[in-house]
Amino acid sequence: MNLYLVVIIGYACLLVLLGYLIGHHVKGTSDFFVGGRTFSWQLLFTTLIAANIGAGSTVGVTGLAYKYGVSSWWWIGCSGLGSLLLAYVVGPAVWRVAKKKNFLTMGDYLDYRYSPAFRCVTSILMSLGTLALFSGQLLGIAWILNVAADIPKVYGIMIAAVVVTIYFSSGGLKSAAIVNIIELAVILLGFCLAVPYALQYVGGWEGIHTAVASHLGDPQAVARYFSWDGMGQSAIIGYFVMLTPAFCISPGLIGKIYSARDEAAIRKGTLLNGIVQLLFAFLPMLIGMCAFAAFPDLSNRELALPKVMREMLPFGISALALSAIFAAEISTCDTVLYMLATSLSKDLYKTFIRPRVTDDELLHVTRIITVACGIIGVFAAYYMANIITAMAIFYSLMTASIAAPFLFGLFTKRASVEGAFLSAIVGVGVVLGLRIFNAGKGIGILNATSTGILAAALIMAVSLFVLPDKKDDSRE
């Protein structure tokens, strides 16, 4: 019997059991969506950081480091910078409005600030993008199970979907937050222990440098591999423009901010989350470089992380590390399911299909939608090219469509419905147009996504003067 698989299955069963038990204490949609607005800074920190360290930040970034080296740090680094802005600028501001108006989702705010139509359009876009994100998380888990126990991709995806769907549909954000405490402990311990063993295996930093020089041959290529801008300025600027605002306005993270009991909890919990992200970014970077030093001929770079965990570490540490990756993917999966479930149930079903649905009925529908999304996610993951591609689809759609309307609307009364629609249409249109007709290249050193996001922000800024909001309400 494969002992790695036994450890991972045992861990998965523990998560499902916890989710089921906590689900008995969920009495309504407020508990399911925002945890009853009772989260301390400690609980907010654990649920935020567990959500932010997922397939992209582990399997995906290790794969980037395998190919690009040191500059892979920027993926998580830019996300951490966004978290710092969420802690002190965006989070407290949106929490005050949500607390006063009893908002449960990002869509509630967009409806209030702009219109039900804008809520509908952005909810549909978010559902499509979030489905891609969910498939990326499932794909990350599938690669772990493939390396650990030679489980085929399709069965790994199905196992991942079953685990996360059962425990999240039982208790929503409340069960996810409690389970995230265990997941976070496993993630941090597993990665912190894995890095020293991986470095020792390849002979430390000097050993990495020697091996990389041998594999690449070209001194310029070696220099780029160890450079902070090795993947290119266009890619790094693209990450900054795409990921920094994304981690301020992601519906899943905003929903977790709603759950805080006060503004002090937001500042402390979210700040610590950002700091941990900035530090954690070095771990998958180092592991990916160790993987390239030891296994330069991997056919799929996203197998680098589970390959290191399986081959470079003693069994006890290896089993813990593989469980840590599994925990990271599962913890982000629950956040993604949260975004899908709330967008489809609260923002679309209740708002446009059954406005008079009771709280108990909405909770039941939300759980059904969660299960349905889990099933659809299996098919999407099977056909998804790789994890970073899935992440990029989500962040591109989200940031190009709602970043400017959300942020401008939060901090100025002049932001109008017309300006929000124009901003979203231009942003998404530019991104898609450049990807289809210009091979993903933007203006100058910008890529398609960063060009679209900046275009959306420019349109929103101009609309403040050309199409200002003329409503009399103060939106206090």
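As a reminder, the structure under discussion sits directly above these lines.
Description of the structure in this document. Counting restarts for each chain, with residues numbered from 1 along the sequence as it is written. The model is predicted, so local features are restricted to residues of pLDDT at least 70 and side-chain atom pairs to those at 80 or more, both for listing and for counting; the totals for chains, interfaces and linings are taken over all residues. Derived side-chain values reflect all non-hydrogen atoms in the structure, with water molecules and hydrogen atoms excluded from consideration.

1. Section: the overall build of the protein chain
The helix and strand inventory of the protein chain stands at 20 helices and zero strands. Here's how the labels work: a residue is buried when its accessible area is under 20% of the maximum for its type, exposed when over 50%, partly exposed in between, all with a 1.4 Å probe on protein chains only. Burial status across the protein chain gives 61% buried among its 476 residues. Residue-level accessible areas treat just the shown protein chains as cover; the underlying method is Shrake-Rupley with a 1.4 Å probe. With the model as given, the accessible surface of the protein chain reaches about 17600 Å², and the carbon-plus-sulfur share is 67%. Only DSSP runs of H or I with at least four residues qualify as helices, and only runs of E with at least two residues qualify as strands; both kinds are numbered from the N terminus onward.

2. What about the packing of helix α3 (residues 41-52) against helix α13 (residues 263-280)?
The axes are straight lines fitted to the C-alpha atoms, using for helices just the contacting stretch, and the angles between their N-to-C directions are given from 0 to 180°. Relative to each other, α3 and α13 sit at 35°, their axes nearing to 8 Å. When you trace α3 past α13, the crossing you get is right-handed. Within the contact between the two elements, α3 uses Trp41, Leu44, Phe45, Leu48, Ile49 and Asn52 and α13 uses Ala265, Ile266, Lys268, Gly269, Thr270, Leu272, Asn273, Val276 and Gln277. Split by residue class, the contact of α3 with α13 holds nine nonpolar, five polar and one charged. By convention, the crossing between two helices is left-handed when the near helix turns anticlockwise from the far helix through less than a right angle, and right-handed when the turn is clockwise. The contact criterion used throughout is that any non-hydrogen atoms of two residues lie within 4.5 Å. Gly counts as polar in this scheme, as do all residues outside two lists: the nonpolar Ala, Val, Leu, Ile, Met, Phe, Trp, Tyr, Cys and Pro, and the charged Asp, Glu, Lys and Arg.

3. Quick look at the layout of surface pockets
Of the grid points, spaced at 1 Å and generated over the protein atoms alone, those admitting a 1.4 Å probe that cannot get out make up cavities, while open sets with protein on both sides within 12 Å along at least five of seven lines make up pockets; any residue with an atom within 4 Å of a point is treated as lining. Grid points are joined across faces, edges and corners, and a volume is the space filled by probe spheres set on the points. What the largest pocket holds in volume is close to 530 Å³. Taken together, 26 residues line the largest pocket, and the ones lying closest to its centre are Ala392, Ser396, Arg435, Asn447 and Thr449. Of all the elements in the fold, those that place two or more residues in the lining of the largest pocket are α4 (56-68), α11 (233-249), α18 (387-411), α19 (417-437) and α20 (448-466). Element by element, the count of residues in the lining of the largest pocket is highest for α18, at seven residues. Grouping the constituent residues of the lining of the largest pocket by class yields 16 nonpolar, eight polar and two charged. Roughly 280 Å³ of internal volume is contained in the second largest pocket. Looking at the second largest pocket, it is lined by 19 residues, and the ones nearest its centre are Val241, Pro245, Ala403, Leu407 and Ile453. Contributions of two or more residues to the lining of the second largest pocket are made by α5 (73-101), α11, α18 and α20. Take the lining of the second largest pocket: its biggest share by element is seven residues, from α18. In terms of residue class, the lining of the second largest pocket is made up of 17 nonpolar, two polar and no charged.

4. Looking at empty space enclosed by the protein
Applying the stated criterion across every chain, the model contains two cavities of 30 Å³ or more. As a volume, the second largest cavity reaches approximately 160 Å³. What lines the second largest cavity is a set of 17 residues, and nearest its centre among them are Met106, Met126, Pro251, Ser343 and Asp347. Taken together, the elements giving at least two residues each to the lining of the second largest cavity come down to α6 (106-113), α7 (116-149) and α16 (315-353). With six residues, α16 is the single largest residue contributor to the lining of the second largest cavity.

5. Structural notes on the nonpolar core
In this text, buried Ala, Val, Leu, Ile, Met, Phe, Trp, Tyr and Cys residues form a nonpolar core when linked through side-chain atoms within 4.5 Å. In terms of nonpolar packing, the biggest core is built from 150 residues, with Trp75, Tyr109, Phe191, Met309, Tyr395 and Phe406 touching the most fellow members. Each residue touching Tyr109, except ones within four places of it in the same chain, is listed here: Val94, Val97, Phe103, Tyr258, Phe406, Gly409 and Leu410.

6. A closer look at the side chain of Thr122
Its place among the elements puts Thr122 in helix α7. Looking at Thr122, the relative accessible area reads 3%, which means it is buried. Once residues lying within four places of it in the same chain are set aside, the contact partners of Thr122 are Leu110 and Ile402.

7. Regarding the packing of aromatic side chains
Stacked, tilted and edge-to-face pairs are distinguished by plane angle, under 30 degrees for stacked and over 60 for edge-to-face with tilted covering the rest, among Phe, Tyr and Trp rings (Trp via its six-membered ring) whose centres lie within 6.5 Å. By the definition in use, this model includes 21 aromatic pairs. When the ring of Tyr225 is compared with that of Phe292, the centres are 5.4 Å apart and the planes differ by 35°; the resulting orientation is tilted. Separated by 67 residues along the polypeptide, Tyr225 in helix α10 (residues 219-225) and Phe292 in helix α14 (residues 282-294) bring together distant segments of the chain. By relative accessible area, which is 3% here, Tyr225 ends up buried. The buried category is assigned to Phe292, whose relative accessible area is 9%. Here a set of aromatic residues connected by ring pairs shows up, and it is made of Tyr66, Trp205, Tyr225, Phe226 and Phe292. For a lysine, the NZ atom is tested; for an arginine, the CZ atom; a charge sits over a ring if that atom is within 6 Å of the ring centre and within 35 degrees of the ring normal. When the ring centre of Tyr382 is taken as reference, the NZ or CZ atom of Lys153 above it lies at 5.5 Å. Here Lys307 stacks its cationic end above the ring of Phe295, 5.3 Å away from the centre of that ring.

8. Digging into the pattern of salt bridges
Between side chains of opposite charge, a pair can form when the charged atoms approach closely. Think of a salt bridge as a Lys or Arg side-chain nitrogen and an Asp or Glu carboxyl oxygen that are within 4 Å of each other. Summed over all chains, the structure comprises eight salt bridges. Notably, a salt bridge pairs Glu361 with Arg354, separated by 3.1 Å at the nearest N-O pair. You can call Glu361 partly exposed: its relative accessible area is 33%. Residue classification places Arg354 among the partly exposed positions, given a relative accessible area of 34%.

9. So, unusual backbone geometry
Keep in mind that most residues, glycine aside, have a negative phi and that most peptide bonds are trans. Although it is not a glycine, Asn102 adopts a positive phi angle of roughly 60°. By secondary structure assignment, the location of Asn102 is in the loop between α5 and α6.

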